[in-house]
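Examining the three-dimensional arrangement
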Amino acid sequence: MKNILIFAALLSFLAAPALSQTTEELNNDGKNTENVLTQSMGYNRKSYSPLNQINKSNIERLVPIWNASTMNELGELAQPTIYNGVMYVINGKWSFAIDVETGRQIWRTPVKLEPGIKHVPFNRGAAIIYNGKLFRVTIDNHVLALDMKTGKELWNQRFADWKEGYYATGGPIVANGVLISGVSGGESTTRGFLDGWDPDTGKKLWRRYTIPAPGEPGSETWPKNSDAWKYGGGPTWRSGSYDPELDLVYWGTGNAEPYDPRPREGLDSLFTSSVLAIRPKTGEVFCYFQYTPNDLYDVDGNDEQLLADIQVDGRPRKVMIQANKNGFMYVLDRTNCKLIAAHPYVKVNWATHIDLQTGRPVLTDVQQRFRAGEEVEIWPSRGTNAVPIALNPETGIIYASTWQVPRIQKLAPPPKKPQAIGQTSTGIVAREPKMKPDDVLGHFLAINPLTGEKKWEIPLVGLPSSAGMLATGGGLVFTGKMTGEFIALDVDTGKTLWQFKTGSSVNSTAITYTHNGRQYVTVASGLGGALATRYGAAKVPAGGSIWTFALFPVTTSTR
């Protein structure tokens, strides 16, 4: 009898839904379509799903199944994640667990901020889940773990002082059992870094600064006998990708500070505006590539590195692809960070091209005129606005939402006081370009990253888009507009096949998954982020919510 009871208990344990997300599950995210465990539907950040139950032939039957408020008016930029029928949602004010089938709240936990914090709290990335815990950062530089079942806080670590100009918005990742988080604040005269944490205990394992100290590799690209490196920028405010086979995390860094190159003596300023390939267990830098040496324009290198295995000159290559804010789309070899291809995907006037031998941009006279004190118009102000691109692995085509807006800037008068940590010091004076209501301010774009050939380009009039892209096996690309429309584009033509008006702006990236054999699509709506708010606040109401869609069932008449 005793053995029978033990056996029955074991069966019950095995049948119970697990809450522990193993490293193997994270590595294989995307293969089990019931779950979405990582940002962009996988460590490779492809933002692609092979699901095709929802497709071009039936997209007109896509309808909302439920809508849930996120109790937040400050912006919904983060992607939901899903495990065992539970959706996990984060924003600057709350963390939620929601029933996938009904939209019913299971629990919610408020974000508790340090008093005096001045930054608007919002959150990019996604709710990161691993081993029964939900991980996130808060605007006041805390990384924390919540119990996935109850929402109870399990540990909380402060990693920087907001009074020194640091803040945190980007989602962490878990790679090879290490939680890795970044930091924002490059415009506040800070020094960027990545931190590695033990996800079980919150113990800090390592810190990797993006600006080398004197004597460290890369320090020769900073002025000698100067403390400019202490204020050098290089924030890490987006999230990384991970190749489990190579055991390398790829993480982008932000621009150098100040934009005025004189305090930096016009040097390259490593490792700003770069991608770092690091070992997750130690933070060791394996290789790097600098997209924009001596970045004067705030064009960064933070955007995610999309990982793919593609044919290059007739042989397979392990690559990473980035739609850089500087206007060029790069293809790099992710085994050694060497450049393979780079093509402009928007209007660019600060460089003519990227030299494939050196990897460096070939500059026009824009930089020279700026350094001479002239006000210059720089194209682009940003190629894309900090949102994920998508790759269809069947065709090799990249999908992106792009911006067609210039940056206008000139050198500021010399500062009366020396630089100080935490004080904004870009060293420039910038102004907004004048725009007319019928101006094309961006595009939805399909492009071959190896050749630069554009398959289609759909203009966006009046407002650009701050939504990410999701491609599916159903021949669809899901994205959104700043005015609140959630849309499905034809993957072959870019034509809008379907749209639904949400209550606020779509500034996030959709996910798709199955539940009990039915395909769902979910997206967050809520105007937020500095640029989307600047452009859309007067035209779009605030207020966050989660929308979930599925196909309306086909009924057969019995008459």
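1. What to know about the overall build of the protein chain
For the protein chain, the count of helices and strands is 4 helices and 38 strands. Taken over the C-alpha atoms alone, the protein chain extends approximately 80 × 60 × 50 Å along its principal axes. Here the protein chain holds 559 residues, and the buried ones make up 61% of them. At a minimum sequence separation of 6, the contacts of the protein chain that also span at least 24 residues come to 60%. For the protein chain, the accessible area works out to roughly 22,200 Å², and carbon and sulfur atoms hold 52% of it.

2. Here we look at the pairing of strand β34 (residues 485-490)
For β34, a buried count of 6 out of 6 residues is recorded, marking the element as mostly surrounded by other parts of the structure. Side chains E485, I487 and L489 project from β34 onto one buried face, and the interleaved F486, A488 and D490 project onto a second face that is buried too. Note: strand β33 (residues 476-480) against β34, 5 bridges, orientation antiparallel. Bridge assignment links T479 to a residue of β34, and that residue is I487. The hairpin turn running from β33 into β34, its antiparallel successor, is 4 residues long, and G484 in that turn takes a positive phi close to 110°. Linking two consecutive strands that pair antiparallel, namely β34 and strand β35 (residues 496-501), is a turn of 5 residues; a positive phi of about 85° is found at G494 within it.

3. Looking at the sheet that holds strand β29 (residues 428-431)
Spatially, the 3 strands line up as an open sheet ordered β25-β28-β29, and their pairing is antiparallel. Looking at which strands have only one partner, the edges of the open sheet turn out to be β25 (376-378) and β29. Here the average twist between neighbouring strands, direction ignored, is 35°. As judged from the 3 bridges shared by β25 and strand β28 (residues 407-411), these two strands associate in the antiparallel manner. By the bridge assignment, I378 is partnered in β28 with R407.

4. Looking at the pairing of strand β22 (residues 338-344)
Note that strand β21 (residues 328-333) and β22 share 6 bridges and pair antiparallel. For L332, the partnering residue across the bridge sits in β22 and is L339.

Calculation rules
Residues numbered from 1 in each chain as written. Predicted model: local features only at pLDDT ≥ 70, side-chain atom pairs only at ≥ 80, totals over all residues. Heavy atoms only, no water. Helix = DSSP H or I, 4+ residues; strand = E, 2+ residues; numbered from the N terminus. Buried < 20%, exposed > 50% of the residue type's maximum accessible area, 1.4 Å probe, protein only. Contact = heavy atoms within 4.5 Å. Areas by Shrake-Rupley, 256 points an atom, 1.4 Å probe, with all protein chains shown as cover. Pairing = 2+ DSSP bridges. Axes fitted to C-alpha atoms, helices over the stretch in contact; angles between N-to-C directions.

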